[in-house]
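Here's the letter readout for the chains.
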Amino acid sequence: MKIDSPQFGSLEVASNKVVEFPLGLPGFEACKRYTFIEVEQSSEAFAVLQGVDDPAIAFAVTTPDLLGLHYEFELSEEEQNLLGATRAEDVAVLVILRKGEPEQMRRAGDAHVKANLMAPLIINGATMRGLQKIIAKLGCEVTLKPA
């Protein structure tokens, strides 16, 4: 299929490279299908989750381990069923990245990029289904690794 991304231009996307988010993402419920675009100059530090149903929607994403983070949480039975998850090794966790606010970036020591750790994306690579898990409070295990 072909999509016209405002950021990347015309893209040809194979149907087996499309991840379905049956519930959409909070605030973007109408866009249920996404694909990943590798960002070459990033040295695999991040990718773009590009909307297929709405090509104007795109999110920079990365794995928590590339940020030096490790965190664990449980998926409910409903979430496992939604993903079609039967094996833990089929499931990947990603976090959405965003630029810091200009005022914040001027403050000494503030990062230019922020990661949303309270709403990770959970993707089952075997079924190509995903969801965004909203963590109401950080009751999961978080491990910071030195850079």
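Residues numbered from 1 in each chain as written. Predicted model: local features only at pLDDT ≥ 70, side-chain atom pairs only at ≥ 80, totals over all residues. Heavy atoms only, no water.

Trainee: Looking at this structure, how should I read the packing of aromatic side chains?
Mentor: Here a ring pair, both rings aromatic, is described through the centre-centre distance and the interplanar angle of the planes. Scanning the model with the defined rule gives two aromatic pairs in all. Relative to Y34, the ring of F21 has its centre 5.4 Å away and its plane inclined at 85°; by these criteria the two rings are edge-to-face. Within this pair, whereas F21 is found in the loop between β3 (18-20) and β4 (33-38), its partner Y34 is found in strand β4, the two being separated by 13 residues in sequence. A relative accessible area of 0% means that Y34 is categorised as buried. (Phe/Tyr/Trp six-rings, centres within 6.5 Å; stacked < 30°, edge-to-face > 60°. Helix = DSSP H or I, 4+ residues; strand = E, 2+ residues; numbered from the N terminus. Buried < 20%, exposed > 50% of the residue type's maximum accessible area, 1.4 Å probe, protein only.)

Trainee: Please clarify how the side chain of E79 should be interpreted in this entry.
Mentor: Counting through the fold element by element, E79 comes out in helix α1 (residues 77-83). For E79, the side chain forms a polar contact with the main-chain nitrogen of S76, separated by 2.7 Å. Apart from residues no more than four positions distant in its own chain, E79 is found in contact with E74, L131 and K133. (Polar contact = N/O pair within 3.5 Å; in protein donor to acceptor, adjacent residues only side chain to side chain. Contact = heavy atoms within 4.5 Å.)

Trainee: When you look at the environment of P64 in this model, what are you seeing that I'm missing?
Mentor: Summarising the element assignment, P64 is placed in the loop between β6 (58-62) and β7 (69-72). Judged by its relative accessible area of 8%, P64 falls in the buried class. Taking the C-alpha atoms as reference points, P64 and L94, 30 residues apart in sequence, are found 6.4 Å from one another. Here P64 is in contact with L69, Y71, V93, L94 and V95, once residues within four sequence places are set aside.

Trainee: Could you clarify how one ought to interpret the nonpolar core in this entry?
Mentor: If you look at soluble globular proteins, the nonpolar side chains tend to sit buried side by side. The biggest cluster of nonpolar side chains holds 14 residues, and the ones touching the most others in it are F21, L25, Y34, L49, F59, V61 and L121. When contributions to this core are tallied by element, the ones reaching two or more residues are β5 (47-51), β6, β8 (91-99) and β9 (113-124). When residues no more than four places from it in sequence are discounted, the contact partners of F59 are L25, F28, Y34, A47, V48, L49 and I96. (Core = buried A, V, L, I, M, F, W, Y, C linked by side-chain atoms within 4.5 Å.)

Trainee: Please explain the pattern of salt bridges as it appears in this structure.
Mentor: Proximity of charged atoms lets side chains of opposite charge pair with each other. Overall, the coordinates contain four salt bridges when judged by the stated rule. The salt bridge partner of R33 is D53, with a shortest N-O separation of 2.7 Å. You can see R33 sitting in strand β4 and its partner D53 sitting in the loop between β5 and β6, a full 20 residues away along the chain. The exposure class assigned to R33 is partly exposed, which follows from its relative accessible area of 32%. Linked through salt bridges whose partners overlap, the residues forming this network are R87, E89 and D90. (Salt bridge = Lys/Arg side-chain N within 4 Å of Asp/Glu carboxyl O.)

Trainee: How should unusual backbone geometry be read in this particular structure?
Mentor: In terms of backbone geometry, most residues other than glycine have negative phi values and most peptide bonds are trans. In this structure, M128 is a non-glycine residue whose phi angle is positive, near 55°. Here M128 lies in the loop between β9 and β10 (129-132). By relative accessible area, M128 is classed as partly exposed at 25%.

Trainee: Got a minute to help me understand the pairing of β5 in this structure?
Mentor: A regular strand places its side chains on the two faces of the sheet in alternate fashion. In terms of burial, β5 is largely enclosed, as five of its five residues are buried. Side chains of β5 alternate between two faces, with A47, L49 and G51 and V48 and Q50 buried alike. With five bridges joining them, β4 and β5 adopt antiparallel strand pairing. The residue of β5 that forms the bridge with T35 is Q50. Judged from the four bridges that link them, β5 and β6 form a sheet pairing that is antiparallel. Residue pairing for β6: L49 is matched across the bridge by F59. Turn length for the β5-β6 hairpin, with the two strands adjacent in sequence and antiparallel, is six residues. (Pairing = 2+ DSSP bridges.)

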